[in-house]
Amino acid sequence: ARTESETKLALVELVTALELWMRDGAPGHYREKKVVMYRDAGSGRKWLQLEGKSLNPYGDGKSSHLPWPEKKRTGDAGVEEAAKEPGPAPQAMPAHQHH
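This report concerns the structure included in the present document.

The rules behind the values
- Residues numbered from 1 in each chain as written.
- Predicted model: local features only at pLDDT ≥ 70, side-chain atom pairs only at ≥ 80, totals over all residues.
- Heavy atoms only, no water.
- Helix = DSSP H or I, 4+ residues; strand = E, 2+ residues; numbered from the N terminus.
- Buried < 20%, exposed > 50% of the residue type's maximum accessible area, 1.4 Å probe, protein only.
- Core = buried A, V, L, I, M, F, W, Y, C linked by side-chain atoms within 4.5 Å.
- Contact = heavy atoms within 4.5 Å.
- Polar contact = N/O pair within 3.5 Å; in protein donor to acceptor, adjacent residues only side chain to side chain.
- Phe/Tyr/Trp six-rings, centres within 6.5 Å; stacked < 30°, edge-to-face > 60°.

**Looking at the environment of G52**
Thought 1: Topologically, G52 is positioned in the loop between β2 (46-50) and β3 (63-66).
Thought 2: In this structure G52 comes out as partly exposed when scored by relative accessible area, which is 47%.
Thought 3: Spatially, the C-alpha atom of G52 lies 9.1 Å from that of K34, the residues being 18 residues apart in sequence.

**Some thoughts on the nonpolar core**
Thought 1: Within the largest apolar cluster, eight residues are counted, these being V15, M22, A26, Y30, V35, M37, L66 and W68.
Thought 2: Every element with two or more residues in this core is listed here: α1 (4-25) and β1 (35-40).
Thought 3: The residues touching M22, leaving out its near neighbours within four places in the chain, are P27, Y30, V35, L48 and W68.

**A short note on the side chain of N56**
Thought 1: Mapping N56 onto the fold places it in the loop between β2 and β3.
Thought 2: For N56, the side chain forms a polar contact with the side chain of D40, separated by 2.6 Å.
Thought 3: A distance of 3.3 Å separates the side chain of N56 from the backbone oxygen of G61, its partner in a polar contact.

**Quick look at the packing of aromatic side chains**
Thought 1: Evaluation of the coordinates by the stated rule reveals three aromatic pairs.
Thought 2: Residues Y38 and W47 carry aromatic rings whose centres are separated by 5.4 Å and whose planes lie at 20° to one another, so their mutual orientation is stacked. For the pair shown, Y38 and W47 are each scored as buried.
Thought 3: Here the aromatic residues Y38, W47 and Y58 are joined through ring pairs into a cluster of three or more.

The structure is reproduced here in structure tokens:
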């Protein structure tokens, strides 16, 4: 990014790419690390920073703190439970041999 507007656009794209994973994949991890997500009140654009006073990179406007979800969504519970259950041992491929 060469200009301030390009930098802001790059930040929007980065946070958009990370948000789903951070909010749905591992919100507790980011909460423990004191990472906070904020939203600019005027534009709706979001950014991440460490806990503390909001430092709005989009301007001097007001912002709001977006709390991390407490639990995974109901649809994710089955995936999490399936990962805990032991499955059948992996089978070797019949044509595969180590030399």
